[in-house]
Structures are given as C-alpha cells and as structure tokens.
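Descriptive structure summary
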Amino acid sequence: MAHMLRGKELAADIREKIRQEIEQAAGRVGRRPGLAVIQVGSDPASTVYVSHKRKDCADVGIQSFGYDLPEDVSQSDLLDLIETLNQDDRVDGILCQLPLPRHLDEFAVICAIAPEKDVDCFHPFNVGLLSLGRKGMLPCTPAGVMAMMASAGIVLKGKQAVIIGRSNIVGKPMAQLLLREHATVTIAHSRTVDLPALCRTADILVAAIGKPRFVTADFIKPGAVVIDVGINRGEDGKLVGDVDEASVKPVASYLTPVPNGVGPMTRAMLLKNTLTAYLDRNDSPSG
C-alpha cells in the first residue's frame, strides 16, 4: 500500500522558513520582498489560484501587488504594465496568471517580464539556464515535486522515470530536473505507442496531462513512485488528479494525493523564488 506524499505539511514548513528569512533580511534591506500578480479577466480557476497566492504572500511577509485587468485589455496595455513593474524597485517577482485570453500573445507577455523577476521560470532565458544545468530559479511545480521526493528520501540516481505530458510548464522542466539527479528520463505524450506498457517500466511516474483518473493500476510497476500533478474537476465537482488513486494506491510505493499533494508545493516554490529574486537583487545569498 502506497505511502501518501502530502505536500501540504512540507509546504507549511517551507513557508515558515521563508517567513523567518524575510524577517531577518527586511531590516537589512529596508523593505520586504514584493510580488506583482497580474490576472486578466475573471476565470474562476485563475481567481482561486490568485487568491491563494496573495494569502500565501501575506502569511510569510511578502508584499503582494495585485493587478486585475479586464478580459479585453490590449496587448500594448498589458506590456506597458509589465514594463512598469520591471522598473519598480518594490517588485522582485512578476507573475502573469495563465492562460491568457486568446487575443493576447502569451509568449510575448512571458518574454516581456525581466528574467530576474520571472518567478515562474517561463522566460526563455531562464528556461535556457535550466536546460544547460546552470544556476537559476526553478519552475515552481517541478521544483516542488523534487522537494517532495527529496524530503521522503527517494533515490533518483539510476532510476527509470517516465513523464506523461510534454508541456512547457511541467513535463519538459520536470525532465530536466530529473536528469540533474541522474535519472533516465522518457517523456510520453498523446502520440506514444502503448502508453501503459511504457509506464510500467517506470520507477518514477509523473502524470501531468489534465485527464481525470487517466492513470490506472495497469500503468504502474509494482513499487513505483507515482506523482500526480493533475488537477481536474470530477463529475461531482470535487478535485481529482490524473491518477486513479483507488486502483493505484495498492500497487505504488509512494503516491501524491489530489488535493493537498503537489499543489501546495507549487505555491511554496513561488514564494521561495520570490525570496531568491529579492535576495539576489540586494546582493545577498539565498538560503
């Protein structure tokens, strides 16, 4: 029976360490870290995520600057706001909640954020540093997954890892971080032939596709570590993951639940990146 990797408790510990570090640094720097959060439109899921992020900031002592823009905001107005925030010394991190309305060029918006304030790690410069294995901020969800596995003492060196999903937000950067820890990595996707058979080769299986309960017991190698990054609404309105927890739990050695698994860690890593950006801008080493 799988041990449940609950990110909620670990995220609380990380937030407390961040809070303490901010308390120590604020007097020296003369201000607290600042995070600007931009939301375009009123998508319900995005509104929930943004409200959680603002609460997290308040809990650890990060100033949160909220910018709620209308659905029909122009590309030029959005880029002008980002440039203003790039120049604002109170702001250490800039987050533009995705997805954006279709009339906006998402890639242009990502590229407009100054790399040193890109706490999501979406800017091509930061993606390049990650790909090259250089020091830099790490994308929040993959970094959170790695922290969870490290906390549980899961050894990745020499293990076979399969990631279902090739998104720029989770799949691809997750592969880079697993490679750093010397895992052998395969990225699977919608064109993969015989996906269950491939997944059964995995010592570490990461599901990040956005399909509720897609991964069932026949995908799982006995004793595998299963990381469920999916967040979906079930027919009853409750949150469920990409993994069918009931069937997978008896087969896996570790499993992340949904909710309270990877999600809280994603938010904790955003705070950590904001702290890192703040300390780096003030010539102070981050912990």
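Residues numbered from 1 in each chain as written. Predicted model: local features only at pLDDT ≥ 70, side-chain atom pairs only at ≥ 80, totals over all residues. Heavy atoms only, no water.

1. Some points on the environment of Asn273
Where we set the bar: Elements are defined by DSSP. Helices are runs of H or I of four residues or more, strands are runs of E of two residues or more, and each kind is numbered from the N terminus. In this analysis, two residues are considered to be in contact whenever any of their non-hydrogen atoms come within 4.5 Å of each other.
As for its position among the elements, Asn273 is in helix H10 (residues 262–281). Through-space distance from the C-alpha of Asn273 to that of Arg180 is 19 Å; in sequence the pair is 93 residues apart. Residues in contact with Asn273, not counting those within four places in the same chain, are Val119, Met137, Leu138 and Cys140.

2. Remarks on unusual backbone geometry
That bond from Leu98 to Pro99 is cis: its omega, 0°, falls within 30 degrees of zero. Within the secondary structure, Pro99 sits in the loop between strand E4 (93–96) and helix H4 (106–112). Going from Val258 to Pro259, the amide bond is cis rather than trans, its omega being 5°. Inspection of the secondary structure assignment puts Pro259 in the loop between strand E11 (254–255) and H10. Phi angles above zero are rare outside glycine, and Cys121 is one such case at about 60°. Mapped onto the elements, Cys121 comes out in the loop between H4 and helix H5 (124–132). At His182, a residue that is not glycine, the phi angle is positive and equals roughly 70°.

3. Concerning the environment of Leu179
We count it as follows: Accessibility here uses a 1.4 Å probe with only protein chains present; expressed as a share of the type maximum, an area under 20% marks a residue as buried, one over 50% as exposed, and anything in between as partly exposed.
Relative to the helices and strands, Leu179 is located in helix H7 (residues 171–180). The class of Leu179 is partly exposed, set by a relative accessible area of 44%. On a C-alpha basis, the gap between Leu179 and Lys157 in space is 8.9 Å, while along the polypeptide they are 22 residues apart.

4. Structural notes on the packing of aromatic side chains
The test is simple: Stacked, tilted and edge-to-face are the three classes applied to pairs of Phe, Tyr and Trp rings, where Trp contributes its six-membered ring and a pair requires centres within 6.5 Å; stacked means planes under 30 degrees apart, edge-to-face means over 60, and tilted covers the rest.
Taken as a whole and judged by the stated rule, the model has one aromatic pair. Seen from their ring centres, Phe214 and Phe219 are 5.6 Å apart, and the 65° between their planes marks the pair as edge-to-face. With a relative accessible area of 30%, Phe214 lands in the partly exposed category. The class of Phe219 is buried, set by a relative accessible area of 6%.

5. Quick look at the side chain of Lys53
For Lys53, the position within the fold is in helix H2 (residues 44–60). Setting aside residues up to four positions removed in sequence, Lys53 forms contacts with Leu95, Gln97 and Leu270.

6. Considering the pattern of salt bridges
Note the following rule: Here, a salt bridge means any Lys or Arg side-chain nitrogen found within 4 Å of an Asp or Glu carboxyl oxygen.
Applying the stated criterion to the full structure yields ten salt bridges. With its nearest N and O atoms 3.5 Å apart, the salt bridge here joins Asp89 to Arg281. Placement of the pair is Asp89 in the loop between helix H3 (75–87) and E4 and Arg281 in helix H10, with a sequence separation of 192 residues. The class of Asp89 is exposed, set by a relative accessible area of 54%. Overlapping salt bridges, with partners in common, bring together Arg31, Asp89, Asp92 and Arg281 in one network.

7. Some thoughts on the pairing of strand E7 (residues 204–207)
Stated precisely, the cut-off is as follows: For two strands to be treated as a pair, DSSP must find no fewer than two bridges joining them.
Here E7 shows a buried face lined by Ile204 and Val206 and a second buried face lined by Leu205 and Ala207. Where strand E5 (residues 160–164) meets E7, four bridges bridge the pair, whose relative direction is parallel. Of the residues in E7, the one forming a bridge with Val162 is Leu205. Inspection of the sheet shows E7 paired to strand E8 (residues 225–228) by four bridges, in the parallel sense. In the sheet register, Ala207 faces E8, and the bridge partner there is Asp228.

8. Focus: the pairing of E8
Here E8 shows a buried face lined by Val225 and Ile227 and a second buried face lined by Val226 and Asp228. Looking at chain direction, E8 and E11 are connected through two bridges and run parallel. When the bridges of E11 are listed, Val225 appears paired with Tyr254.

9. Quick notes on the sheet that holds E11
The six strands lie next to each other as E1-E11-E8-E7-E5-E6, forming an open sheet whose pairing is parallel. Strands with a single pairing partner mark the edges of an open sheet, and in this sheet they are strand E1 (3–4) and strand E6 (184–188).

10. Some details on the sheet that holds strand E3 (residues 63–69)
Keep this limit in mind: A fitted line through C-alpha atoms serves as each axis, taken over the contacting stretch for helices, and the angle formed by two N-to-C directions is quoted from 0 to 180°.
The strand order across the open sheet built from three strands is E3-E2-E4, with neighbouring strands paired in parallel fashion. Of all the strands in the sheet, the pair left with one neighbour each is E3 and E4. On average, adjacent strands in this sheet sit at an angle of 15° to one another, irrespective of strand direction. Strand direction decides the pairing type here: strand E2 (residues 34–40) and E3, joined by seven bridges, are parallel. Counted as the bridge partner of Leu35 is Ser64 from E3. Across the sheet, H2 touches E2, E3 and E4, and the angle it forms with E2 is around 170°.

By themselves, these are just geometric observations and shouldn't be taken as functional.
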